[in-house]
Amino acid sequence: MTTALDLISDALLMNGTLAEGESPTAEMAQDSLNALNMMLDAWSIENLAVYSTQTQSFTWPASTASRTVGPTGDFVGTRPVSIEPASYFEDSNGEPYKFLLISEEEYNGISAKTATGSYPEYMFVNMTNPDAAMYVYPVPSSNLTLKLVSVVELSQPATLQTALAFPPGYLRAFKFNLAVEIAAMDGAEPLPTVGRIAISSKKSIKRLNTSRLSMKAALPAAVITSGIKSDIFTG
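Residues numbered from 1 in each chain as written. Predicted model: local features only at pLDDT ≥ 70, side-chain atom pairs only at ≥ 80, totals over all residues. Heavy atoms only, no water.

**Re the pattern of salt bridges**
What counts here: Whenever Lys or Arg places a side-chain nitrogen within 4 Å of a carboxyl oxygen from Asp or Glu, that contact is recorded as a salt bridge. Each helix corresponds to a stretch of at least 4 residues labelled H or I by DSSP, and each strand to a stretch of at least 2 residues labelled E; elements are numbered beginning at the N terminus. Only protein chains enter the calculation, and the probe is 1.4 Å; a residue is then buried if its accessible area is under 20% of its type maximum, exposed if over 50%, and partly exposed in between.
One pass over the full model with this rule turns up four salt bridges. Two residues, Asp-10 and Lys-175, come together in a salt bridge whose shortest N-O distance is 4.0 Å. Residue Asp-10 is located in helix H1 (residues 4–15), and its partner Lys-175 is located in helix H4 (residues 170–185); the two are separated by 165 residues in the primary sequence. Look at Asp-10 and you get partly exposed, because its relative accessible area is 35%. In this structure, the salt-bridge partner of Lys-206 is Glu-46, at a minimum N-O distance of 2.7 Å.

Listed below in structure tokens is the structure:
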């Protein structure tokens, strides 16, 4: 099993910072671990760089137009990096209802924000931190279950000895892209071959993850076939 230190040592070797058989100093290894975690944090906001999603389930109360989700939110859970269009509401009978994600400008254009309905058809998400805020229209007239689908952030190794468990292709992409990151930290240019492989390896995992966004198989059939019944902007 590859550890964070193994990956960091390989990246430093590719940069010429280390010679064959050498080990990084404690300071060098820690700085490189910080660089790796910053890189993984940045990749986590790139939808196609993330390989899986999670579904969190919350009860959305009747007559409630907004809720927050996060470690200290109305819904205590994981603050989503972004909310996926696969999210939906579910009634007490388990019947799913799709909603459309809209922008703040579109939400602000709704004049009767307190209007009620059987289920929300639109949601605006304000990605505040530490809790994201969700606003729905129309306001549901009964309790509903929100199935909130969001990407899972890439796991960051806590220590140099942390084992890295990722799908095929990821460790290669991490290693070559980390070499580029470390070179930039040192004010140097990576070898051209390292730079090319860094780009191509990341493109490969993004190409694979494209299918996650295009396939509808993960959605219940009723959600896929259920459409938005009205358009608040065109009438």
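Having seen the model, we can carry on.
**Describing the pairing of strand E8 (residues 122–126)**
How we decide: DSSP calls a pair of strands paired once it identifies at least 2 bridges connecting them.
Counting buried positions along E8 yields four of five residues, so the element is predominantly enclosed. In this sheet, E8 lies alongside strand E6 (residues 100–102) in parallel orientation, the contact comprising three bridges. Looking at E8, one finds that Leu-101 is bridged to Met-123. Looking at chain direction, E8 and strand E9 (residues 132–137) are connected through five bridges and run antiparallel. Residue Met-123 lies in a different strand from E9, and its bridge partner there is Val-136.

**So, the nonpolar core**
Using the following cut-off: Note on terminology: a nonpolar core comprises buried Ala, Val, Leu, Ile, Met, Phe, Trp, Tyr and Cys residues joined through side-chain atoms within 4.5 Å. Here a residue-residue contact requires only that any non-hydrogen atoms of the pair lie within 4.5 Å.
Core analysis: the largest hydrophobic core is formed by 30 residues, its most contacted members being Leu-36, Trp-43, Leu-154, Phe-174 and Leu-178. Within the residue set of this core, elements represented by two or more residues are H1, helix H2 (26–43), H4 and helix H5 (192–214). Leaving out residues up to four positions away in the same chain, Leu-154 has contacts with Leu-40, Trp-43, Ser-44, Ala-49, Val-50, Tyr-51, Phe-166, Tyr-170 and Phe-174. Counting residues in hydrophobic clusters, the runner-up holds 16 residues, among them Phe-58, Trp-60, Val-69 and Phe-89.

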